[in-house]
Amino acid sequence: MVREETVFGPIFSRRLGSSLGINLLPEKGKICNFDCIYCECGWNRDGRNDTVLPTAAKVRGDLERMLVKLGAEGTPVDSITFSGDGEPTLNPEFPQIIDDTLRLRDRYYPQAKVSVLSNATRVHIPEVFAALQRVDNPIMKIDAPTNELIEKINQPVPGYDVARVVEALKQFNGNFVLQTCMLRSPDFDSLRPEVIEGMLQIVRILKPREWMVYTIDRPTPMQGLQKFSPQEMKALVQPIIDEGYRVQIKGAVEDI
Ligand code: SF4
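This is a predicted model, so every value here is computed, not measured. Numbering of residues starts from 1 in each chain and follows the order in which that chain's sequence is written. Where totals are concerned, whole chains, interfaces and linings use all residues; where local detail is concerned, this predicted model gives features only for residues with pLDDT of at least 70, and gives and counts side-chain atom pairs only at 80 or more.

Asks: What exactly am I supposed to notice about the overall build of the protein chain here?
Replies: Secondary structure summary: the protein chain contains seven helices and ten strands in total. Note on method: radius of gyration uses C-alpha positions; expected globular size equals 2.2 Å times residues raised to 0.38. The C-alpha atoms of the protein chain give 18 Å as radius of gyration, which agrees with the globular expectation for 256 residues (18 Å, within 12%). Counting only C-alpha atoms and orienting by the principal axes, one finds that the protein chain spans roughly 50 × 40 × 35 Å. By the burial criterion, 42% of the 256 residues in the protein chain qualify as buried. Whether two residues are in contact is decided by their C-beta atoms, placed from the backbone, lying within 7 Å. Long-range pairs, those at least 24 residues apart, make up 72% of the contacts in the protein chain with a sequence separation of at least 6. Under the scheme used here, helices are H or I runs from DSSP no shorter than 4 residues and strands are E runs no shorter than 2 residues, and both carry numbers assigned from the N terminus. Three exposure classes are used, based on other C-beta atoms lying within 10 Å of a residue's own C-beta, which is placed from the backbone: buried for 20 or more, exposed for 12 or fewer, and partly exposed in between.

What follows is the structure, encoded as structure tokens:
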């Protein structure tokens, strides 16, 4: 599913309430430095016709118009979430856009929480990290503990190094949400000890304020992927729960 707009929704989700989405990638394409086998936006190669990234001015204008309209209608907005057709921090104006969004949130819906869903590949860049620190919920993805396993599920661009990502995430001092997708493919299985044991270790190192584990819920570009049940996921993360960490287990991906 590729978003057609820069600001979309609001969509109602049980977890986030009435949630407005912001897509910082092309309106009719996908740009990401991962090519996850489960990406609901499809493969990168299928979304290359539109490469126009929205500018900070466009995002600001679209968001303000939407917030004014929703306010006039009396529609609640509980959260504003950066998700969309790719990795939001790849937009070169990401820090500026975060500042604009926080300003508009404070003005029109001060109670709304701002979240960013990111694959964490650019947290080592100081301006990106500083922007992520300013939002209410930086939600950072790590699906597997080694580069070899990540190659099988996320297919990153060359140069990705999970150890470097873990090192960069330490800067949050635990004040972030770690997100992990669990699934089974012909050559990747979140259940295998080399995956789950490594992930438990990463949680212990990073001590995120919450670990959000979820599974596939929508059509995926790779065929034949299998989802996990909430019970299966709970059994996998039980050691971390027993150690006192907060874990959110979702049987299905939320709307945004
Ligand atoms: S990081 Fe997100 S947008 Fe990028 S390929 Fe993976 S699921 Fe899709």
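Now that the structure is up, let's keep going.
Asks: I tried to follow the nonpolar core on my own but got confused; where do I start?
Replies: Soluble globular proteins: nonpolar side chains tend toward being buried together. Residues of type Ala, Val, Leu, Ile, Met, Phe, Trp, Tyr and Cys that are buried and joined through C-beta atoms within 7 Å form what is called a nonpolar core. Within the largest apolar cluster, 65 residues are counted, with the highest numbers of intra-cluster contacts made by Met-140 and Val-213. Sorting elements by how many residues they give to this core places strand 6 (residues 177–185) first, with five residues. Contacts of Val-213, omitting those with residues within four sequence positions, involve Thr-180, Met-182, Met-233, Val-237, Val-247 and Ile-249.

Asks: When you look at unusual backbone geometry in this model, what are you seeing that I'm missing?
Replies: Glycine aside, the phi torsion of most residues is negative, and most peptide linkages are trans. The step from Gly-9 to Pro-10 runs through a cis peptide bond, and the omega angle for that step is 0 degrees. Along the chain, the position of Pro-10 falls in strand 1 (residues 7–13). Located in the positive-phi region is Asn-173, a residue other than glycine, with phi close to 50 degrees. Take Asn-173: it is sitting in the loop between helix 5 (162–169) and strand 6.

Asks: Quick question: what am I supposed to make of helix 6 (residues 193–206) here?
Replies: In an α-helix there are 3.6 residues to a turn, and that puts residues three or four apart on one side. A helix is expected to span 1.5 Å multiplied by its residue count minus one. Along its 14 residues, helix 6 runs 20 Å from first to last C-alpha, staying within 8% of the 20 Å computed at 1.5 Å per residue. Restricting attention to buried positions, one finds in helix 6 the residues Val-195, Ile-196 and Met-199. Considered in projection along helix 6, the buried side chains sweep an arc of 85 degrees and stay on one side of the axis. Seen from the buried face of helix 6, the exposed residues on the opposite side, beyond 90 degrees, are Pro-193, Glu-197, Gln-201, Arg-204 and Ile-205. Looking at the buried residues of helix 6, the elements they touch are helix 4 (147–153), strand 6, strand 7 (188–189) and helix 7 (230–242). At the C-terminal side of helix 6, Lys-207 shows a positive phi close to 50 degrees. Directions are taken from the helix axis to each C-beta atom, and the arc is the one they span.

Asks: Could you clarify how one ought to interpret the site of the ligand in this entry?
Replies: Nearness here has a simple definition: the residue's C-beta atom, placed using the backbone, must lie within 6 Å of the molecule or strand. Inspection of the region around the ligand gives Cys-32, Phe-34, Asp-35, Cys-36, Cys-39, Cys-41, Gly-86, Glu-87 and Asn-119 as its neighbouring residues. Tallied by class, the residues present in the shell around the ligand amount to five nonpolar, two polar and two charged. Note on residue classes: Ala, Val, Leu, Ile, Met, Phe, Trp, Tyr, Cys and Pro are nonpolar, Asp, Glu, Lys and Arg are charged, and everything else, Gly too, is polar.

Asks: I would appreciate a short explanation of the confidence of the model for the protein chain in the present structure.
Replies: Detailed reading of the predicted model is not advised wherever pLDDT is low. On a scale of 0 to 100, pLDDT captures the predictor's confidence in every residue. When the pLDDT values of the protein chain are averaged, the result is 93; 96% of them are 70 or greater. Confidence drops under a pLDDT of 50 for residues 252–256, and excluding neighbours within four residues, the segment shows 16 contacts in the predicted structure.

Asks: Looking at this structure, how should I read the packing of helix 2 (residues 94–108) against helix 3 (residues 126–134)?
Replies: Axes, fitted as lines to C-alpha atoms, cover a helix only where it is in contact. Angles between the N-to-C directions of the axes lie from 0 to 180 degrees. At a minimum axis separation of 9 Å, helix 2 and helix 3 run at an interaxial angle of 20 degrees. For the element pair helix 2 / helix 3, the angle class is roughly parallel. Regarding helix 2 and helix 3, the two cross each other, and that crossing is left-handed. Facing helix 2, whose interface residues are Phe-94, Pro-95, Ile-98 and Leu-102, helix 3 presents Glu-127, Val-128, Ala-130, Ala-131 and Arg-134. Looking at the contact of helix 2 with helix 3, its residues break down into seven nonpolar, no polar and two charged. Here roughly perpendicular refers to angles of 65 to 115 degrees, roughly parallel to angles under 35, roughly antiparallel to angles over 145, and oblique to all remaining angles. Handedness of each helix crossing follows the sense of rotation of the near helix against the far helix: counterclockwise by less than a right angle gives left-handed, clockwise gives right-handed.

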